[in-house]
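Survey of secondary and tertiary structure
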Amino acid sequence: MDVGVIGGGPSGCATALTLRHWGHSVTVIEQTGYEKPRIGEILPPSVRDPLVQLGAWEPFVAGKPLPSPGFQSVWGGDDCQEKDFIFHPHGSGWHLDRASFDAMLAQTAQEAGANVLRGTRVISARAHGADGWMLALESRGGRLRCRARFIVDATGRASSFACQQGAVRKSWDHLVAATALFTGGGDGGTVGHRALVEAVEGGWWYSALLPDRRMVVALMTDADSYAAGCHASEDHWHRELAATRRTRSRVNGWSLLGVPRVVSANTSRLDRFAGDHWLAVGDAAMAFDPLSAQGVHKALDSGIQAGQCIHRQLGNEKTALKDYALRLENHFSRYLKARTYYYARERRWPQSPFWARRIGPILASWEAGPLKRRGG
Ligand SMILES: Cc1cc2nc3c(=O)[nH]c(=O)nc-3n(C[C@H](O)[C@H](O)[C@H](O)COP(=O)(O)OP(=O)(O)OC[C@H]3O[C@@H](n4cnc5c(N)ncnc54)[C@H](O)[C@@H]3O)c2cc1C
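Every value quoted in this text rests on a predicted model; they were computed, and no experiment measured them. (Residues numbered from 1 in each chain as written. Predicted model: local features only at pLDDT ≥ 70, side-chain atom pairs only at ≥ 80, totals over all residues.)

**Points about the sheet that holds strand S6 (residues 81–84)**
Heads up, the condition is: Two strands qualify as a pair provided DSSP detects at least 2 bridges between them. To qualify as a helix, a DSSP run of H or I must reach at least 4 residues; to qualify as a strand, a run of E must reach at least 2; elements of each kind are numbered from the N terminus. In this analysis an axis means a line fitted to C-alpha atoms, helices contributing only their contacting stretch, and an angle means the value between N-to-C directions, from 0 to 180 degrees. Think of it this way: build a C-beta for each residue from its backbone, and any pair within 7 Å is a contact.
One open sheet holds the 7 strands; their spatial order is S6-S5-S15-S16-S17-S14-S18, and the pairing between them is mixed. Edge positions in the sheet fall to S6 and strand S18 (255–264), since each has one partner strand and no second. Going across the sheet, the axis of each strand differs from the next one's by a mean of 15 degrees, ignoring polarity. In this fold helix H6 (residues 223–232) packs onto strand S14 (175–183), strand S17 (214–222) and S18, with an angle of close to 105 degrees to the strand it touches most, S17.

Put into structure tokens, the structure is as follows:
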């Protein structure tokens, strides 16, 4: 094959679809069969653009995602603010079942001619001289060896292939998400189809109605304070939920499915996004704070850019990988500024470790601003 894509999430599938557009042979190697629930269910209206570009818009709509007219936030004050998507050219945002969405993208890639190996792991990847890579794969059906001229690491936050090549992942914080699913609470009339973001002293919550009368509810906080809270009380998550002003009323009459699941949600990136015959894409290259709810859109966009870059690279354009890496560097700098701006809008708990870690240095630098200027 020309390209082996390790990971069949949004970024891996978008890369494969873009490469198929240019006629390259692509294999997507995905370790799961998309059977378990996945996180990241809220999509902005703007996601329509990359989905149309990838030829995935029609299957997306056929999957019946819930249209969302906007979102609510309690951030920077006690009032609940509403933001409507009404002025967005694409109208509504979307709430969806993420596992079905990812499976739909893999199916679309397969129908476009990509070879999609579900339930398959990479056991080893060896550089094969100027030819690229020799991969050993394993699935229930047995073992397989194949050659690829180029490898894409689309394994999400694990960035396992890039790390094996010596790239290092750097984190900006220790944000974790403790997420839970609720079910059965009616048609969502009381919840509405708007996601809610609610800041609290120890972090923030988000909640959103999903298809099939389910609701996702997540506490975003720092790993150390969540661990300390759970150590002090087995019911930590539920107590924190009960202490919210708005989120708790959303789950009235709903039943919790299982126990909250904790996953990493930090801002992190690789120290290099590409190397000899490989590049990283989506969360594997850089992962954003879920506050932006832009992860999937960015993953699709970065897959499109990666596909274009690999097409140029396979055509012997020498600057292709450099251009790709530069683009990601600029993107990450812009993202860090936006993240700072949003966290700095919440000043109600300057003493709380969660907020002090995020806005303490910013407030200090603002206070020092005029002095610095006087000093030249
Ligand atoms: C708590 C939380 C909430 C979020 N909420 C939202 C949201 O509401 N909206 C939004 O847009 N984004 C959200 N995000 C971000 C979003 O989920 C990610 O940005 C997006 O999933 C990145 O896509 P990806 O394809 O790069 O990686 P992933 O979605 O992580 O996909 C990686 C794929 O690679 C596979 N894989 C991993 N390792 C291997 C391996 N060794 N071999 C083969 N396959 C492998 C995995 O099974 C998976 O299919 C959220 C993130 C978090 C942590």
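Now that the structure is up, let's keep going.
**Here we look at helix H1 (residues 10–21)**
Going by this rule: Here a helix's expected span is defined as the number of its residues, less one, multiplied by 1.5 Å. Each residue is classified by how many other C-beta atoms fall within 10 Å of its C-beta atom, where C-beta atoms are placed from the backbone; a count of 20 or more means buried, 12 or fewer means exposed, and values in between mean partly exposed.
Its 12 residues give H1 an end-to-end C-alpha distance of 16 Å, which sits within 8% of 16 Å, the value for a rise of 1.5 Å per residue. Most of H1 is tucked away: 11 of the 12 residues are buried. Three or more residues of H1 are buried, namely Pro10, Ser11, Gly12, Cys13, Ala14, Thr15, Ala16, Leu17, Thr18, Leu19 and Arg20. Each element contacted by the buried residues of H1 is listed here: strand S1 (3–6), strand S2 (26–29), helix H2 (48–53), helix H4 (98–111), strand S12 (150–153) and helix H9 (295–314). At the exit of H1 stands Gly23, carrying a positive phi of roughly 85 degrees.

**Regarding the packing of H1 against H9**
Applied cut-off: Here a crossing is called left-handed whenever its near helix is offset anticlockwise from the far helix by less than a right angle, and right-handed whenever the offset is clockwise. Charged means Asp, Glu, Lys or Arg here, nonpolar means Ala, Val, Leu, Ile, Met, Phe, Trp, Tyr, Cys or Pro, and polar covers whatever is left, Gly included.
The geometry of H1 relative to H9 is characterised by a closest axis approach of 7 Å and an angle of 35 degrees between their N-to-C directions. When the axes of H1 and H9 are compared, the crossing they make is right-handed. For the pair H1 and H9, the contacting residues are Pro10, Ser11, Gly12, Cys13, Ala14, Thr15, Thr18 and Leu19 in the first and Val296, Ala299, Leu300, Ser302, Gly303, Ile304, Ala306, Gly307, Gln308, Ile310 and His311 in the second. Of the residues contributing to the contact of H1 with H9, the split by class is 10 nonpolar, 9 polar and no charged.

**Let's talk about the site of the ligand**
Put simply, the test is: Here, nearness means that the C-beta atom of a residue, built from backbone geometry, sits within 6 Å of the molecule or strand in question. Where each domain starts and ends follows an automatic or database-derived domain assignment.
Residues in close proximity to the ligand total 39 residues, the closest being Gly9, Gly40, Gly156, Gly282 and Gly295. Elements with a minimum of two residues in the shell around the ligand: H1, strand S3 (42–43), strand S9 (120–127), S14 and H9. By residue number, the principal contributor to the shell around the ligand is H9, which donates 4 residues. Grouping the constituent residues of the shell around the ligand by class yields 18 nonpolar, 16 polar and 5 charged. Structurally, the shell around the ligand is a two-domain feature, drawing no fewer than three residues from each of domain 1 (3–41 + 97–172 + 266–335) and domain 2 (175–264).

**Re the domain arrangement of the protein**
For the protein, the assigned domains read domain 1 (3–41 + 97–172 + 266–335), domain 2 (175–264) and domain 3 (344–374). Across the boundary between the two partners, domain 2 contributes 7 residues, which contact 5 residues of domain 3. The residue inventory of the side of domain 2 that touches domain 3, partitioned by class, reads 1 nonpolar, 4 polar and 2 charged.

**A word on the sheet that holds strand S21 (residues 278–280)**
Strand order in the open sheet formed by 6 strands is S8-S2-S1-S12-S21-S20, with mixed pairing between adjacent strands. Each having just a single partner strand, strand S8 (115–117) and strand S20 (274–275) make up the two edges of the open sheet. Pairing between S1 and S2: 4 bridges, direction parallel. Its bridge partner lying in S2, Val5 is registered against Val28.

**Observations regarding the nonpolar core**
Test applied: In this usage, the nonpolar core is the set of buried Ala, Val, Leu, Ile, Met, Phe, Trp, Tyr and Cys residues whose C-beta atoms join them within 7 Å.
Counting 95 residues, the largest nonpolar core has Val28 and Leu279 as the members making the most contacts within it. Once residues within four sequence positions are removed from consideration, Val28 is found in contact with Val5, Gly8, Gly12, Cys13, Ala16, Ala106, Ala109, Ala114, Val116 and Leu117.

**Considerations on H4**
An α-helix turns once per 3.6 residues; consequently, residues spaced three or four apart project the same way. For H4, built from 14 residues, the straight-helix expectation of 20 Å at 1.5 Å per residue is met to within 8% by its first-to-last C-alpha distance of 20 Å. Directly beyond the C-terminal end of H4, a positive phi value near 110 degrees is found at Gly113.

**Some remarks on unusual backbone geometry**
Here His277, not a glycine, exhibits a phi torsion of approximately 65 degrees, which is positive. Locating His277 in the fold gives a position in the loop between S20 and S21. According to the C-beta neighbour criterion, His277 is buried, with 21 such atoms within 10 Å. Positive phi values are uncommon outside glycine, yet Asn316 reaches one of about 70 degrees. With respect to the helices and strands, the residue Asn316 is situated in the loop between H9 and helix H10 (320–343).

**Structural notes on the environment of Val296**
Secondary-structure assignment places Val296 in helix H9. Considering only alpha carbons, one finds Val296 and Arg48, 248 residues apart in sequence, at a separation of 11 Å. Those residues in contact with Val296 that sit more than four places away from it in its chain are Pro10, Gly40, Leu43 and Val47.

**Remarks on the environment of Ala338**
Relative to the helices and strands, Ala338 resides in helix H10. For Ala338, a count of 14 C-beta atoms within 10 Å puts it in the partly exposed group. Note: C-alpha distance between Ala338 and Asp97 (241 residues apart in sequence) is 27 Å.

**Quick word on the confidence of the model for the protein**
Test applied: A score from 0 to 100, pLDDT tells how confident the predictor is in each residue.
Averaged over all residues, the pLDDT of the protein is 93; the fraction at 70 or higher stands at 94%. Below a pLDDT of 50 lies the segment residues 371–376, which in the model reaches 0 contacts outside its immediate sequence neighbourhood of four places, other chains included.

**What to know about the packing of H1 against H4**
Rules: If an angle is under 35 degrees, it is roughly parallel; if it is over 145, roughly antiparallel; if it lies from 65 to 115, roughly perpendicular; otherwise it is oblique.
Between H1 and H4, the least distance of the axes is 9 Å, while the angle of their chain directions is 15 degrees. Classed by the angle they form, the pair H1 and H4 counts as roughly parallel. Considering only the axes of H1 and H4, their crossing is left-handed. Here Pro10, Cys13, Ala16 and Leu17 of H1 come into contact with H4, specifically with Asp102, Leu105, Ala106, Thr108 and Ala109. Here the contact of H1 with H4 is built from residues that sort into 7 nonpolar, 1 polar and 1 charged.

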